[in-house]
Amino acid sequence: MANAIRALAMDAVEAANSGHPGMPMGMADAATALFTRHLKFDPAAPHWPDRDRFVLSAGHGSMLIYALLHLTGYARPTLGDIRSFRQFGSPCAGHPENFELEGVETTTGPLGQGLATAVGMAIAERHLNAVFGDALVDHRTWVIAGDGCLMEGISHEAIGLAGHLKLGRLNVLWDDNRISIDGPTSLATSEDQAARFAAAGWHVVACDGLDFADVDRALAEAKADPRPSLIACRTTIGYGAPTKAGTSGSHGSALGAGEVAGARAALGWDAAPFEVPADILAAWREAGGRGRDEHAAWADRLAAADPELRAQFERRVAGNPPAEAFAAIDAHIAGLLAKPQTIATRKASELVLDAVTPLAPGMIGGSADLTGSNNTKAKGLQPLTADSYGGRYIYYGIREFGMAAAMNGIALHGQCLPYGGTFLVFSDYMRNAIRMSALQRVRVIYVLTHDSIGLGEDGPTHQPIEHLASLRAIPNLAVYRPADAVETAECWALALADKTRPSVLALSRQNVSQLRTEATENRCARGGYRLIAATAPRQVVLIATGSEVHIAVETAKLLEGEGVGADVVSMPCWENFDRQDAAYRDDLLPHGVLKVSVEAGVTMGWERHVADGLMIGINGFGASAPAEALYDHFGITAPKIAARIRPLLGGTYR
């Protein structure tokens, strides 16, 4: 059965002349033990909520999971899909993608992130178990990770968090083959991984990864231990290949026809390429059916559960925040309109959370050691700890990257909606995990505060300059930068409702007055809207985001006092604005009028909106000083902006 994995991996990589055959060949026995003896799953019901989660963190070895899914009886990949491995249109992509195949729980490839994402899945399982009990939620999270995953810095963050939270349902099989692309891992590392995991509070067990029975023993021991477990599987990369086994030559390229023939002979595998003998396939399909009865028993338990509990569980599975949560946001906005507030948008965000979280039990918040600054802990939220998994607020510690990846896992697990905070400038630490949120189309909400030079005296190390532009460059990521308390509430409503896109809320440290005072539809849904219309004949359109909208309003007042008509457009979300039809966009940003962008960050990207107009921003680093002094120094004040506009009036503009 293990050799079927090896053969399919060799054949697919050889046909594509591209891929990583060595890892599937080395871990085939361990994966066979896991899938036939320990993993709880039902290929006929890939979305069964109480299935075990399997994460191939070493995503370059993607043929391992493709072979396992096919052999155990998932509808796809078919043999035809595997034959077209790494080709355009095939669900068998170079690295596993969660939106291509059922059974692929998370997209992996950037090493270490699969492991960190699995920590989030294990957190979600323990939380849901605390809420719904063993009868409905009682499963494990399994990971296959390689040497590269454990070298990546994110692994330190992930294993530290998992050990601290005592996530005993998390088990990591380490493919200890001691080979990386450059050669033996001894070229770059001499860490004692077992000691590292043990120091973080993990249970560690070693086994011969090429011995089915020994792996089976180690997996049973891991399941019996209450701590998260590292199963160190000593393997040989490219096992069976006559000259490339145990070398980097089998890591990242096709073995070659001669080497494949030699491996087939060494393994005793004489079936034609892409063929699995009937008896071996039957054994695999029987193993794939192991979970059928367990799934049926679980369904019976769900049907027999208390009706109110069952209804709550099914609502959580559907994944939509309850209508009452959105009604609470509407009521909150109505309160703001009745009594406007001058507050920082980070504080405005906290007020939204206070209103929403009691009515949206799936929301799980957190912060990377900046709770009091990010304002992410709503009233009434209790900590999620090793002693109380039912809590809904996670103290992630100073682990921004690990937090972001864990939130991906919480979202991918299902039934939970994660949000987490840090400073906007530290989005650099977690950028790749944010990118993975967008790629995987998951609803994760990033609360990123201290969004400009407006944070003041902490200086250029903490003042984001290029970060908004950098985040806007990520496809399928909604970047919201609200201008006041009303816009903040509207942006939260949009982020909560968006099931296929992560969101960033970029929020101010400094107080801002409330600009919106009249009841309207959710204007932020359009991405940009006319906040103020010119009274004199329009000659200029000021476009701004966040706290700079207030400066744009003051600039417009100065110009209007001189008889220069000025619109003010608030543009909290470029991505939503780009989705509007051309007529709406052209009405808001008309041709032939001077357009001026105002944002306390790099001007890169604004040319798409202002064409040949004027871009007000900061194309260098900030400085340490009070916020007011910094805005004046960088020319982002109403008088200085008006002074730059006046010479440009009367020109011809696109």
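Preceding this section is the structure that the text describes.
Residues numbered from 1 in each chain as written. Predicted model: local features only at pLDDT ≥ 70, side-chain atom pairs only at ≥ 80, totals over all residues. Heavy atoms only, no water.

Draft legend 1. Spotlight on the overall build of the chain. Helix and strand content of the chain: 26 helices and 20 strands. Expected size for 654 residues packed as a compact globule is a radius of gyration near 26 Å; at 27 Å, the chain falls within 12% of this value. Taken along the three principal axes of its C-alpha coordinates, the chain extends 90 × 55 × 45 Å. Every one of the 654 residues in the chain was classed for burial, and the buried ones make up 60%. Considering only intrachain contacts with a sequence separation of at least 6, the fraction spanning at least 24 residues in the chain is 78%. (Helix = DSSP H or I, 4+ residues; strand = E, 2+ residues; numbered from the N terminus. Rg over C-alpha atoms; globule rule 2.2 N^0.38 Å. Buried < 20%, exposed > 50% of the residue type's maximum accessible area, 1.4 Å probe, protein only. Contact = heavy atoms within 4.5 Å.)

Draft legend 2. Summary view of the packing of helix α1 (residues 2–16) against helix α2 (residues 22–38). One can describe the packing of α1 onto α2 by two numbers: an axis separation of 8 Å at closest approach and a directional angle of 150 degrees. For the element pair α1 / α2, the angle class is roughly antiparallel. As for how α1 packs across α2, the hand of that crossing is right-handed. Contacts between α1 and α2 involve Ala2, Ile5, Arg6, Ala9 and Met10 on the former and, on the latter, Pro24, Met25, Ala28, Asp29 and Thr32. The class makeup of the residues in the contact of α1 with α2 is 7 nonpolar, 1 polar and 2 charged. (Axes fitted to C-alpha atoms, helices over the stretch in contact; angles between N-to-C directions. Parallel < 35°, antiparallel > 145°, perpendicular 65-115°, else oblique. Left-handed = near helix turned anticlockwise from the far one by under 90°. Nonpolar A, V, L, I, M, F, W, Y, C, P; charged D, E, K, R; others polar.)

Draft legend 3. The arrangement of helix α15 (residues 345–356) in detail. Its 12 residues place the ends of α15 16 Å apart at the C-alpha level, agreeing with the 16 Å of an ideal helix rising 1.5 Å per residue. With respect to burial, α15 is a largely interior element, 9 of its 12 residues being buried. Of all the residues in α15, the buried ones are Thr345, Arg346, Ala348, Ser349, Glu350, Val352, Leu353, Asp354 and Val356. (Expected span 1.5 Å × (residues − 1).)

Draft legend 4. Quick look at the pairing of strand β2 (residues 141–146). With 6 of 6 residues buried, β2 is to be regarded as a mostly interior element. Of the two faces of β2, the one carrying Thr141, Val143 and Ala145 and the one carrying Trp142, Ile144 and Gly146 are both buried. As paired strands, strand β1 (residues 53–56) and β2 are joined by 4 bridges and run parallel to one another. Residue pairing across strands places Phe54 opposite Trp142, the latter belonging to β2. Summarising the sheet, β2 and strand β3 (residues 170–176) pair through 6 bridges and their orientation is parallel. The residue of β3 that forms the bridge with Trp142 is Asn171. (Pairing = 2+ DSSP bridges.)

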